[in-house]
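Spelled out, the chains give:
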Amino acid sequence: MDVRVSSVAERPQRVPALFEMADTWPEFVTNDPVGNAHYGRIPAELPQYALFAEDEQGEIVAHAFSVPFALDVDGRRTLPARGWDQILLWAFADLRRGTRPDTVSAVSVVIAPHAQGHGLSALMLSAMRENARALGFREVVAPVRPSAKHREPHTPISEYAHRIRPDGLPADPWLRVHARAGATIDSIAPASMTVGASLEEWRRWTGLPFDTAADVEVPGALVPVRCEPERGYAVYVEPNVWMRHPL
């Protein structure tokens, strides 16, 4: 598939179409409160870090968001256990305070359903890396959501992340794309995203009863969701895998 990659800084008029692009995220993932508060700010406040790809007809078929943040400062220096959520909080706190960033973190690579299977994930990851290099950074980090982990929700993420194929590459497809691009595993982010919501919300998002105190397997979830009927809520704490891309 031939595509044209641009940044929102270059073509801000495409932002509405960017957010209209279909995706395949499970609904509960899109209800992370930190993400809801900050994800949509990236094209508006950090437009040079919001990339998108158009096909030959001008339809947006992929986008890739990242954020700059300061890692080599007191109180940080290691990639956070709270992964995706923490990076968004750090990035926008740094932007507000005028703190100079030294690292770029991937936030998302999203491919339209009809455009999957054409290598766009690798292309957008490469574009994100090149964009960070062009902006003067020497490293991209990524709290990676392993794409096949949902098939094994009870497997510890520390075990799953380090599975390799005979060729030495990660067994997980999305971890493998990062590895082929030059990334290595740094650490596990055990609480990269947290979604806590009422049982009614979980029922609406998943179609499951959520009526028993248990760890509930939910389609698309990397680990089970903890259901607490007596308290009227359920909580999903998603683990990710930190990978580092030297540039």
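Residues numbered from 1 in each chain as written. Predicted model: local features only at pLDDT ≥ 70, side-chain atom pairs only at ≥ 80, totals over all residues. Heavy atoms only, no water.

J.: Kindly report on the overall build of the chain, identifying the contributing residues and their values.
T.: Within the chain one finds eight helices and nine strands. Against the compact-globule benchmark of 18 Å for 247 residues, the chain has a radius of gyration of 18 Å, which places it among compact chains. Along the longest, intermediate and shortest principal axes, the C-alpha atoms of the chain span 50 × 45 × 40 Å. Per-residue burial over the chain gives 50% buried out of 247 residues. Sequence separation of at least 24 residues holds for 71% of the intrachain contacts in the chain that already meet a minimum separation of 6. With an accessible surface of roughly 11,600 Å², the chain has 50% of that area assigned to carbon and sulfur atoms. Positive and negative side-chain charges in the chain, numbering 25 and 31 respectively, have mean positions lying 5 Å apart. (Helix = DSSP H or I, 4+ residues; strand = E, 2+ residues; numbered from the N terminus. Rg over C-alpha atoms; globule rule 2.2 N^0.38 Å. Buried < 20%, exposed > 50% of the residue type's maximum accessible area, 1.4 Å probe, protein only. Contact = heavy atoms within 4.5 Å. Areas by Shrake-Rupley, 256 points an atom, 1.4 Å probe, with all protein chains shown as cover. Lys, Arg positive; Asp, Glu negative; His and termini not counted. Charge placed at Lys NZ, Arg CZ, Asp CG, Glu CD.)

J.: Hey, could you go over the layout of surface pockets for me, with residue numbers and the actual values?
T.: In this structure, the largest pocket encloses a volume near 1,200 Å³. Lining the largest pocket are 47 residues, and of these Thr24, Trp25, Val109, Val110 and Arg145 sit closest to its centre. By residue number, the principal contributor to the lining of the largest pocket is strand S4 (residues 103-111), which donates six residues. Within the lining of the largest pocket, the residues separate by chemical class into 26 nonpolar, 16 polar and five charged. (1 Å grid on protein atoms, 1.4 Å probe; cavity = no way out; pocket = protein on both sides within 12 Å on 5 of 7 lines; lining within 4 Å. Points joined across faces, edges and corners; volume = space filled by probe spheres on them. Nonpolar A, V, L, I, M, F, W, Y, C, P; charged D, E, K, R; others polar.)

J.: Which residues make up the nonpolar core, and what values do they have?
T.: Formed by 72 residues in total, the largest nonpolar core has its most connected members in Ile42, Trp202, Phe210 and Tyr236. Broken down by element, this core gets its largest block of residues, seven residues, from strand S3 (residues 60-69). In this view, Tyr236 contacts Phe28, Arg145, Met193, Thr194, Val195, Trp202, Ala221, Leu222, Val223, Pro224 and Val225; residues no more than four positions away in its chain are not counted. (Core = buried A, V, L, I, M, F, W, Y, C linked by side-chain atoms within 4.5 Å.)

J.: Please provide a residue-by-residue account of unusual backbone geometry, values included.
T.: Backbone geometry at Arg77 places phi at a positive 65°, although glycine is not the residue there. Assignment of secondary structure puts Arg77 in the loop between S3 and helix H4 (83-97). The backbone phi angle of Phe210 is positive, close to 45°, even though this residue is not glycine. Tracing the backbone shows Phe210 in the loop between helix H8 (199-206) and strand S7 (214-216). A relative accessible area of 2% places Phe210 in the buried class.

J.: Please set out the side chain of Ser108 residue by residue, giving values where relevant.
T.: Among the structural elements, Ser108 can be located in strand S4. Judged by relative accessible area, which is 8%, Ser108 ranks as buried. Side-chain polar atoms of Ser108 contact the side chain of Tyr39, separated by 2.7 Å. Other than its neighbours up to four places away in sequence, Ser108 contacts Tyr39, His63, Ala64, Phe65 and Met128. (Polar contact = N/O pair within 3.5 Å; in protein donor to acceptor, adjacent residues only side chain to side chain.)

J.: Any details on the environment of Glu200? Residues and values, ideally.
T.: On the secondary structure map, Glu200 appears in helix H8. For the pair Glu200 and Glu152, spaced 48 residues apart in the sequence, the C-alpha separation amounts to 26 Å. At a separation of 2.7 Å, a polar atom in the side chain of Glu200 contacts the side chain of Arg203.

J.: So what's going on with helix H5 (residues 120-134)? Which residues, and what values?
T.: Taking 1.5 Å as the rise per residue, H5 with 15 residues should run 21 Å; its terminal C-alpha atoms sit 20 Å apart, in good agreement. For H5, the set of buried residues is Leu120, Met124, Leu125, Ala127, Met128, Arg129, Asn131 and Ala132. Once H5 finishes, Gly136 follows within two positions and takes phi at roughly 100°, a positive value. (Expected span 1.5 Å × (residues − 1).)

J.: Before we move on, could you go through the packing of aromatic side chains and cite the residues and values that matter?
T.: Counted under the stated rule, the structure contains nine aromatic pairs. Between Trp202 and Trp205, the ring centres sit 5.1 Å apart and the planes meet at 70°, which makes this aromatic pair edge-to-face. Placement of the pair is Trp202 and Trp205 together in helix H8, with a separation of three residues, close to one helical turn. Since its relative accessible area comes to 0%, Trp202 is described here as buried. (Phe/Tyr/Trp six-rings, centres within 6.5 Å; stacked < 30°, edge-to-face > 60°.)

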